[in-house]
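Observations on the model geometry
Each chain is listed here by its residues.
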Amino acid sequence: AQKVTQAQTEISVVEKEDVTLDCVYETRDTTYYLFWYKQPPSGELVFLIRRNSFDEQNEISGRYSWNFQKSTSSFNFTITASQVVDSAVYFCALDEINFNKFYFGSGTKLNVKP
Amino acid sequence: GAVVSQHPSRVICKSGTSVKIECRSLDFQATTMFWYRQFPKQSLMLMATSNEGSKATYEQGVEKDKFLINHASLTLSTLTVTSAHPEDSSFYICSARTGGASRGYTFGSGTRLTVV
């Protein structure tokens, strides 16, 4: 079974549109972290956010915001007023602390068109 | 902040040869490092977890004799692709757990391996 599911393979939006990237996870670990990473065409992974399983407070950082819902095992990522530079593949990831495992979702490719 | 330096960034090698990829933690000690493989347009698949001073733990389906991992010091982990074949061509990325209260991960910049 998939530990981290990103159902959206690819999304295309026009600049200035808002876009939400979905992430659903599955774990039996009682303590875990959730991450979002951005991977531009160059390949390096850019860290965006880390959330621990005990903190369900939503977070906003500039145009980025994250919605963590433990009840639905989701950790969605919203980009407000998207820009062309936001075009990249975005990965959601799960770090199972007690099981010492780290899993990536399959990624969502975001295309922001001018 | 914590930095992981990965080299080389790109390598082209002939089929049958071996290639070594290095990951160094520059300003922290990495007791645990992870190695991932990424095929084009796909996610990062965990290959193995390396712990300093002990044998690496390989994920199911990863050939340990083909992908040799050595973590001889707290700042260096290496992945050697032995007897490389074209199907080994991929993007390889390492990461290190920075640990402590921050429980973060730092990723190397990746190595694009092409076997011809």
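Because the structure is a prediction, the values reported are computed rather than measured. (Residues numbered from 1 in each chain as written. Chains lettered and ligands numbered in written order. Predicted model: local features only at pLDDT ≥ 70, side-chain atom pairs only at ≥ 80, totals over all residues. Heavy atoms only, no water.)

Let us look at the overall build of chain A. Helix and strand counts for chain A stand at zero helices and 12 strands. Walking chain A from its N terminus toward its C terminus, one meets helices and strands in the order β-β-β-β-β-β-β-β-β-β-β-β. Against the 2.2 N^0.38 benchmark of 13 Å for 114 residues, chain A shows a C-alpha radius of gyration of 14 Å, consistent with a compact globule. Oriented by its inertia axes, the alpha-carbon framework of chain A measures out at about 45 × 25 × 20 Å. Classification of the 114 residues of chain A by burial places 46% in the buried group. Restricting to contacts in chain A with at least 6 residues of sequence separation, those with at least 24 account for 57%. For chain A, the accessible surface area stands at approximately 5500 Å², while carbon and sulfur atoms represent 49% of it. (Helix = DSSP H or I, 4+ residues; strand = E, 2+ residues; numbered from the N terminus. Rg over C-alpha atoms; globule rule 2.2 N^0.38 Å. Buried < 20%, exposed > 50% of the residue type's maximum accessible area, 1.4 Å probe, protein only. Contact = heavy atoms within 4.5 Å. Areas by Shrake-Rupley, 256 points an atom, 1.4 Å probe, with all protein chains shown as cover.)

This next bit is on the sheet that holds strand β3 (residues 19-25) of chain B. Residue and element names in this part refer to chain B. With antiparallel pairing, the four strands of this open sheet are ordered in space as β1-β3-β8-β7. Edge positions in the sheet fall to β1 (4-7) and β7 (67-73), since each has one partner strand and no second. Averaged over neighbouring strand pairs, the angle between their axes works out to 15° when direction is ignored. Where β3 meets strand β8 (residues 76-81), six bridges bridge the pair, whose relative direction is antiparallel. Looking at the pairing, Lys20 lines up with Thr80 of β8. (Pairing = 2+ DSSP bridges. Axes fitted to C-alpha atoms, helices over the stretch in contact; angles between N-to-C directions.)

Our focus in this paragraph is the environment of Val14 of chain A. All names here are of chain A. The topology assignment puts Val14 in strand β2 (residues 10-14). As a C-alpha pair, Val14 and Phe54 span 40 residues in sequence and 35 Å in three-dimensional space. If we skip the residues at most four places from it in the chain, Val14 touches Ser82, Val112, Lys113 and Pro114.

Moving on, we come to the pattern of salt bridges. If you walk through the whole model with that rule in mind, you get eight salt bridges over all chains. The partner of Asp95 of chain A in a salt bridge is Arg97 of chain B, and the shortest N-O contact between them spans 4.0 Å. Linking Asp95 of chain A in strand β10 (residues 88-96) with Arg97 of chain B in strand β9 (residues 90-97), this pair reaches from one chain into another. Its relative accessible area of 12% is what places Arg97 of chain B among the buried residues. If you follow the salt bridges from partner to partner, you end up with Arg51, Asp55 and Glu59 of chain A in one network. (Salt bridge = Lys/Arg side-chain N within 4 Å of Asp/Glu carboxyl O.)

What follows covers the interface of chain A and chain B. At the junction of the two partners, chain A supplies 17 residues and chain B supplies 18 residues. When chain A packs against chain B, the two sides together hide about 1500 Å² of surface, and 51% of this comes from carbon and sulfur. The largest contributions to the chain A side of the interface with chain B come from Asn100, Phe102 and Phe104 of chain A, which together make up 31% of the buried area. In this structure, the salt-bridge partner of Lys101 of chain A is Glu59 of chain B, at a minimum N-O distance of 2.8 Å. There are four residue pairs in polar contact (both at pLDDT 80 or more) connecting chain A and chain B. Counting residues per element, the ones that place at least two in the side of chain A that touches chain B are β5 (32-39), β10 and β11 (101-104) of chain A. A total of four residues in the side of chain A that touches chain B trace back to one element, the largest contributor, which is β5 of chain A. Of the residues that constitute the side of chain A that touches chain B, the class distribution is eight nonpolar, five polar and four charged. (Buried area = accessible area lost by both parts, 1.4 Å probe. Polar contact = N/O pair within 3.5 Å; in protein donor to acceptor, adjacent residues only side chain to side chain. Nonpolar A, V, L, I, M, F, W, Y, C, P; charged D, E, K, R; others polar.)

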